[in-house]
Amino acid sequence: MLRLQQPLDERYTLPTTDALHTRIAAAKASLGDRVFILGHHYQRDEVIRWADARGDSYRLSVLAQQQEAAEYIVFCGVHFMAESADVLTADHQQVILPDLNAGCSMADMADIDEVEEAWEALGHVTDVERIVPITYMNSSAALKAFVGRHGGAVCTSTNARAILDWALGQGERAGREVVGSRGGGDKVLFFPDQHLGRNTGLAMGYGLDDMALWNPRLERGGLSEFECKEATFLLWKGHCSVNQRFRPEHVAAFRAEHPDGIVIAHPECSHDLCAVADQVGSTDFIIKAVADAPAGSVIAVGTEIHLVNRLDAESPDKTVVSLDPLVCPCSTMFRIDAAHLCWVLEELVDGRVPNRITVDPATTDGARVALQRMLEIV
Ligand code: SF4
């Protein structure tokens, strides 16, 4: 999705990074408790060093909600995260994204018009009252509001299993009462990340033949009426351009070099990669798994390179490497740098609020319902 970030002027593009750090420190000190800086794990080191809190997308939104004294929440992450923070924070708080072009290609793979069309198309061939829509946290506020309106919930990569258990009436969460919702359905429409949906469904004991891939570019998702009726998981054809890059060949190459090494993958990686990894889990899981690994371990991690490099730097008794030696950073996360952070902080000091991210009231209400259901379920 195209967003327009104004180019920074020379006061921000010419100085050295050290000079920018001096100015960031001064602006942050001047703003004091009025500002709270959130840094996603995938941010560059020159940005994360200024974060008052680090975390994954959901944890950061909850942390934003807890900073009631902070007038400004500077969210060093991507657009959907800033939207979620705006949904969860109070009216007196303003959420700022240092670069408006910091989007998420995965979140952009499902927009509200496409999802509304899919829902309507499914309504022609099956009973949508029995479908529970589930959206990954990595989605626009409009999609969160959609699932809020249609009895579904948001999930994260940490709690996807619990949310899908609830949605399909399985396990200890079967029958859990959640106001205004409809857990215990016959099937889920899961968007936008096909891999998280597939990996979670397989871990729950479903098979690949219980799943169908919904391609929003094709009529009725490219599926037959029979496939729409039979599938328990309708998986949206979206993916993370970073995590989908990791392949089983990378695991084989790593194991050839390090037979005792440990492979940890993010569940946004493809199923064939996850099937050969030693451990699979969210960014928080990966951080804990590295911390828990024995001293001397060599660990290959399949996720964004800034987190991998930071884990290596912060684990001197272990070696942490990227599963793919040629992996690129997330290009949208990478847009935020010291210059953009310096710019937004100095603008705030001067009494201007740049790059404020706002979600309209109706969307906020629906999205908050979907997020609240997630909290009630887990
Ligand atoms: S790493 Fe993937 S899911 Fe995360 S912001 Fe980048 S494209 Fe989106």
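In this report, we go over the structure that sits alongside the text.

So, how was this worked out
Residues numbered from 1 in each chain as written. Predicted model: local features only at pLDDT ≥ 70, side-chain atom pairs only at ≥ 80, totals over all residues. Heavy atoms only, no water. Helix = DSSP H or I, 4+ residues; strand = E, 2+ residues; numbered from the N terminus. Rg over C-alpha atoms; globule rule 2.2 N^0.38 Å. Buried < 20%, exposed > 50% of the residue type's maximum accessible area, 1.4 Å probe, protein only. Contact = heavy atoms within 4.5 Å. Areas by Shrake-Rupley, 256 points an atom, 1.4 Å probe, with all protein chains shown as cover. Phe/Tyr/Trp six-rings, centres within 6.5 Å; stacked < 30°, edge-to-face > 60°. 1 Å grid on protein atoms, 1.4 Å probe; cavity = no way out; pocket = protein on both sides within 12 Å on 5 of 7 lines; lining within 4 Å. Points joined across faces, edges and corners; volume = space filled by probe spheres on them. Nonpolar A, V, L, I, M, F, W, Y, C, P; charged D, E, K, R; others polar. Pairing = 2+ DSSP bridges. Axes fitted to C-alpha atoms, helices over the stretch in contact; angles between N-to-C directions. Near = heavy atom within 4 Å. Sits in = over half its atoms within 2 Å of the grid points. Salt bridge = Lys/Arg side-chain N within 4 Å of Asp/Glu carboxyl O.

**As for the overall build of the protein**
Logical step 1: A count of helices and strands for the protein gives 16 helices and 13 strands.
Logical step 2: Taken against the 2.2 N^0.38 rule, which gives 21 Å for 378 residues, the C-alpha radius of gyration of the protein at 21 Å falls within 12% of a compact globule.
Logical step 3: Principal-axis analysis of the C-alpha atoms gives the protein an extent of 60 × 55 × 35 Å.
Logical step 4: A buried classification covers 58% of the 378 residues belonging to the protein.
Logical step 5: Considering only contacts in the protein between residues 6 or more positions apart, those separated by 24 or more positions represent 67%.
Logical step 6: Summed over all atoms, the accessible surface of the protein reaches about 15,600 Å², with 50% contributed by carbon and sulfur.

**Remarks on the packing of aromatic side chains**
Logical step 1: Summed over the entire model, instances satisfying the criterion amount to four aromatic pairs.
Logical step 2: Judged by centre distance (5.0 Å) and plane angle (75°), the rings of Tyr206 and Phe233 are edge-to-face. Of this pair, Tyr206 sits in the loop between helix H9 (194-203) and strand S8 (211-214) while Phe233 sits in strand S9 (residues 233-236), and the two are 27 residues apart along the sequence.
Logical step 3: Given a relative accessible area of 17%, Tyr206 falls into the buried group.

**So, the layout of surface pockets**
Logical step 1: Within this model, the largest pocket holds a volume of roughly 340 Å³.
Logical step 2: Along its surface, the largest pocket is lined by 29 residues, and His40, Tyr42, Met81, Asn138 and Glu268 are the ones closest to its centre.
Logical step 3: Within the residue set of the lining of the largest pocket, elements represented by two or more residues are helix H4 (57-66) and helix H5 (79-88).
Logical step 4: A per-class count over the lining of the largest pocket returns 13 nonpolar, 13 polar and three charged.
Logical step 5: Among the secondary structure elements, those contributing two or more residues to the lining of the second largest pocket are helix H8 (160-167), H9 and helix H12 (271-274).
Logical step 6: Sort the elements by how many residues they give to the lining of the second largest pocket and H9 lands first, with five residues.
Logical step 7: A per-class count over the lining of the second largest pocket returns seven nonpolar, six polar and one charged.

**Some thoughts on the pairing of strand S7 (residues 187-191)**
Logical step 1: Within S7, five of the five residues are buried, which leaves the element mostly enclosed by the surrounding structure.
Logical step 2: Neither face of S7 is open: one carries Lys187, Leu189 and Phe191, the other Val188 and Phe190, and all of them are buried.
Logical step 3: The sheet contact formed by strand S5 (residues 131-136) and S7 spans five bridges and is parallel. In the sheet register, Ile134 faces S7, and the bridge partner there is Phe190.
Logical step 4: Here three bridges tie S7 to S9, and the two strands are oriented parallel to one another. Directly across from Phe190, in S9, lies its bridge partner Leu235.

**A few points about the sheet that holds strand S11 (residues 279-280)**
Logical step 1: The strand order S11-S10-S12-S13 describes an open sheet built from four strands, whose pairing is parallel. Two strands in the sheet have a free side with no partner beyond their single neighbour: S11 and strand S13 (319-322).
Logical step 2: Direction of pairing for strand S10 (residues 262-265) relative to S11: parallel, over a ladder of two bridges. The residue bridging Ala265 from the neighbouring strand is Val280, located in S11.
Logical step 3: The sheet contacts of helix H11 (residues 248-257) involve S10, strand S12 (298-302) and S13, and relative to S10 the element is tilted by about 155°.
Logical step 4: Contacting S10, S11, S12 and S13, helix H13 (residues 283-292) crosses the sheet at an angle of about 165° to S10.

**Things to note about the site of the ligand**
Logical step 1: Taken together, Tyr42, Cys104, Ser105, Asn138, Cys240, Val242, Glu268, Cys330 and Met333 make up all the residues around the ligand.
Logical step 2: A majority-of-atoms criterion places the ligand in the largest pocket.
Logical step 3: Each residue belonging to the shell around the ligand can be placed in one class, and the counts come to six nonpolar, two polar and one charged.

**Notes on the pattern of salt bridges**
Logical step 1: All chains considered together, the criterion is met by 19 salt bridges.
Logical step 2: Between Arg130 and Asp186 there is a salt bridge, and its shortest N-O distance comes to 3.0 Å. With Arg130 in the loop between helix H6 (112-125) and S5 and Asp186 in the loop between H8 and S7, this residue pair connects regions lying 56 residues apart in the sequence.
Logical step 3: Classification of Arg130 by relative accessible area gives partly exposed; the value is 34%.
Logical step 4: Asp186 sits in the partly exposed class, given a relative accessible area of 44%.
Logical step 5: Between Arg352 and Asp350 there is a salt bridge, with its nearest N and O atoms 3.5 Å apart.
Logical step 6: A residue is classified by how much of its surface remains accessible, and Arg352, at 44% relative accessible area, is partly exposed.
Logical step 7: When salt bridges that share partners are traced, they join Glu347, Asp350 and Arg352 into one network.

**Things to note about unusual backbone geometry**
It is generally the case that most residues other than glycine have a negative phi and that most peptide bonds are trans.
Logical step 1: Here the bond from Phe191 into Pro192 is cis, since omega is -5°, no more than 30 degrees from zero.
Logical step 2: Position of Pro192 among the secondary structure elements: in the loop between S7 and H9.
Logical step 3: Of note, Arg220 is a non-glycine position whose phi angle comes to about 45°, a positive value.
Logical step 4: Along the chain, Arg220 turns up in the loop between S8 and helix H10 (225-230).
Logical step 5: The exposure class of Arg220 is partly exposed, given its relative accessible area of 30%.
Logical step 6: Located in the positive-phi region is Asn355, a residue other than glycine, with phi close to 50°.
Logical step 7: Position of Asn355 among the secondary structure elements: in the loop between helix H15 (338-349) and helix H16 (361-377).
Logical step 8: Note on Asn355: relative accessible area 12%, which makes it buried.

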